[in-house]
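Chains, contacts and geometry: an overview
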Amino acid sequence: MAIRRGRGVAAINYPTGMNLGGDPTQALVHSTPTGNFMVTLSSVDLGQGMKQIMAQICAETIGVPTDRVVVDTADTDTGPHCMGTFASRGTHRAGNAVIQAAKEARQVMLEVAAEELEVNASDLETDGQGNIQVKGAPQKSISIFDVALSAHFKRGRSISGRGMFLIPRSYPEKETGAMKPSTCYAHACTVAEVEVDDETGEVTVLTVKNVFEIGRALNPKMVEQQLVGGSWMGISHALYETTEPYYPNRDHGGTDFNQYLMPGLGDLAETETIVLERPSADGPFGAKGPGEMCANPQIPAVANAVFDAVGVRIDTLPITPERILRALKAQAAG
Amino acid sequence: MAKVPVQFTLNGSEKAEFIESGTTLLNALRDKIGDTSPKGGCHQGTCGACSVIIDGELKLSCLTLAETCGGADIKTTAGLAEGGVLHPLQRAFLDAFATQCGFCTPGMIMAAKVLLDRTPNPSREEVVEALSGNICRCTGYEPIIQAVLTAARASSQNAA
């Protein structure tokens, strides 16, 4: 009986969004009378930071500071339609819709500014600080605050835009079954090192080294936050989490979240996370969906590391001490 | 049910309430007094989200009866900032992105405060031990550990 060490590697491709009947998200953007911009969505921020990302995307497209944008994701009854926040689709689908809506709103904003400045709208640019100016002649400028006041109270214009992003439904070809069920793949690779006690079946994860290719990181700190937490959740999927440990038998399942095991503070592995940015062709500013995929590669990497350590293949999750011991027993029995 | 009077100090100000006997401190703080910084996660003493400081000790407000707190000095996360300036722990949690959904954060900060009050320069192992009664389901804990260590360094630099 001994503590045995093993190392496992796994690589994954992970799609952004889904395609069961078309995958649409819509967005509306409008300015308030004081030149702040409102993004209306039905997409929900689950804590992953969607409101911040949508504010950045809208601000970048219109040409205003991010703090001039308010994102409202309040109500799926009254907001523009969204399929939902899942399948890592939020940034990609909603972001593309927000870009389209913000472009239309920006065009109206420039048209109103052009009337005020008595120039051609195509000669105008934003300075990113809340002003619109003539290209090459920045002394001729007007604040977006004044443009919005003019639109509302003088010109009778609505500085607003509509955005729609749709991945159409893909039907399989009759002869081959070939189809395009998903788009915009993110990629990841994990190397995990474990120790397995072949007397108790207990697994200790020593190190987890991850590389994630996620398109463009629109907010690098938030991406890092997502990936660090996700890597921990991947270890949790591999070794801890289940509602029904003896599925389909319901016995011994946790009765609440207190009994739903996940690694605690004392169970953390030394974790390294590297981000590769290869901007996607169809993502907003090159983004892909880093959400769910970041918790995937750790699972096969740990399973492979357990195999490397003690020579048994555990193909049911989570990889519990009991499953390892049963497999070792079967292996010994030949 | 008969109501009982209880008086205590909350974040430096005197509070006096009539509460129903058996009310937890968590419910008294949130529903009677209006301090919603302690969160009700499990209501059975497992998750740590309701942690508050009572007379210098870290306590679970969901397992503490309000009527036992007469004369106590109670501190919650809502009372940490002074004059609009965030406490070093709050600053460090923000800067380190140590929150996502944020539900565990007040309990984490209370547990960390008790640690730093007693051990101004803790080791990583001491931080892990001090926070081990608090559950987080978003961050993977590492950013939280780093935030507490950063806050400890910031506080000791200010004191020096």
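Residues numbered from 1 in each chain as written. Chains lettered and ligands numbered in written order. Predicted model: local features only at pLDDT ≥ 70, side-chain atom pairs only at ≥ 80, totals over all residues. Heavy atoms only, no water.

Here's the deal with the interface of chain B and chain A
Test applied: By definition, residues are in contact when any of their heavy atoms lie within 4.5 Å. Throughout, buried area stands for the accessible area (probe radius 1.4 Å) lost by two parts on being put together, summed over both. Definition used for salt bridges: Asp or Glu carboxyl oxygen within 4 Å of a side-chain nitrogen of Lys or Arg. Contacts described as polar in this section are N or O atom pairs within 3.5 Å, which, within protein, must combine one atom able to donate a hydrogen with one able to accept it, while residues neighboring in sequence count only if both atoms come from side chains. By definition, any uninterrupted DSSP run of H or I lasting at least four residues is a helix, any uninterrupted run of E lasting at least two residues is a strand, and each is numbered from the N terminus. Following the grouping adopted for this structure description, the nonpolar residues are Ala, Val, Leu, Ile, Met, Phe, Trp, Tyr, Cys and Pro, the charged ones are Asp, Glu, Lys and Arg, and the polar ones are all others, Gly among them.
Each partner contributes residues to the interface: chain B has 21 residues there, and chain A has 19 residues. Roughly 1600 Å² of surface becomes buried between chain B and chain A when both sides are summed, with 62% attributable to carbon and sulfur atoms. Among the residues of chain B in contact with chain A, Phe97, Gln100 and Arg137 of chain B are the three that bury the most area, contributing 42% of the side total. Where chain B touches chain A, the interface holds 0 salt bridges. Along the contact surface separating chain B from chain A lie 6 residue pairs in polar contact (both at pLDDT 80 or more). Elements represented by at least two residues in the side of chain B that touches chain A include exactly α4 (124–131) and α5 (142–159) of chain B. Here the side of chain B that touches chain A is built from residues that sort into 10 nonpolar, 8 polar and 3 charged.

Observations regarding the pattern of salt bridges
Residues and elements named next belong to chain B. Going by this rule: A simple rule labels every residue: compare its accessible area, found with a 1.4 Å probe on the protein chains alone, to the largest value its type can have, and call it buried under 20%, exposed over 50%, or partly exposed in between.
Considering all chains together, one arrives at 21 salt bridges over all chains under this definition. For Arg118, the salt bridge is made with Glu57, and the minimal N-O distance between the two is 3.3 Å. Taken together, the residues span a long stretch of sequence, with Arg118 in helix α3 (residues 105–118) and Glu57 in strand β4 (residues 57–60) at a distance of 61 residues. Accessibility expressed as a relative area gives 39% for Glu57, which makes it partly exposed. A salt bridge links Arg91 to Asp95; the shortest N-O distance between them is 3.3 Å. With Arg91 and Asp95 both in helix α2 (residues 88–95) and 4 residues apart, this pair spans about one turn of that helix.

Describing the domain arrangement of chain A
Residues and elements named next belong to chain A. The criterion, for reference: In this entry, domain limits derive from an automatic or database-based domain assignment.
Each domain of chain A was delimited in the assignment, giving domain 1 (3–16 + 182–333) and domain 2 (23–167). Between domain 1 and domain 2, the C-alpha centre-to-centre distance is 39 Å. In this complex, domain 1 contributes 18 residues to the contact, which on the side of domain 2 involves 20 residues. Together, the buried faces of domain 1 and domain 2 total about 1400 Å²; carbon and sulfur atoms form 62% of this surface. The largest contributions to the domain 1 side of the interface with domain 2 come from Thr16, Pro284 and Phe285, which together make up 37% of the buried area. Linking domain 1 with domain 2 are 8 residue pairs in polar contact (both at pLDDT 80 or more), by the criterion used here. Elements represented by at least two residues in the side of domain 1 that touches domain 2 include exactly β1 (3–16), β9 (183–197) and α4 (220–239). For the side of domain 1 that touches domain 2, the leading source of residues is β1, giving 3 residues. Split by residue class, the side of domain 1 that touches domain 2 holds 9 nonpolar, 7 polar and 2 charged.

A closer look at unusual backbone geometry
Negative phi characterises most residues that are not glycine, and trans characterises most peptide bonds. Residues and elements named next belong to chain A. Note the cis peptide between Tyr247 and Pro248, where omega equals 5°. On the secondary structure map, Pro248 appears in the loop between α4 and β11 (270–276). In this structure, the amide linkage connecting Leu317 to the following residue, Pro318, adopts the cis form with an omega of -5°. Positionally, Pro318 belongs in the loop between α5 (298–310) and α6 (321–333). Positive phi values are uncommon outside glycine, yet Phe285 reaches one of about 55°. Among the secondary structure elements, Phe285 is positioned in the loop between β11 and α5. Residue classification places Phe285 among the partly exposed positions, given a relative accessible area of 39%.

As for the sheet that holds strand β3 (residues 51–54) of chain B
Residues and elements named next belong to chain B. Stated precisely, the cut-off is as follows: At least two bridges found by DSSP between two strands is the condition for calling them paired. Lines fitted to C-alpha atoms define the axes, with helix axes restricted to the stretch in contact, and inter-axis angles between N-to-C directions lie between 0 and 180 degrees.
Read across the sheet, 5 strands follow the order β2-β1-β5-β3-β4 without closing on themselves; strand pairing throughout is mixed. Edge positions in the open sheet fall to β2 (13–20) and β4, since each of these has one partner strand only. Strand-to-strand, the axes of this sheet are offset by a mean angle of 40°, without reference to chain direction. Here β3 pairs with strand β5 (residues 73–75) via 2 bridges, running antiparallel. Each residue of the ladder has a partner; that of Ile53, found in β5, is Lys75. Strands β3, β4 and β5 of the sheet are contacted by α3, whose axis makes an angle of about 35° with β3.

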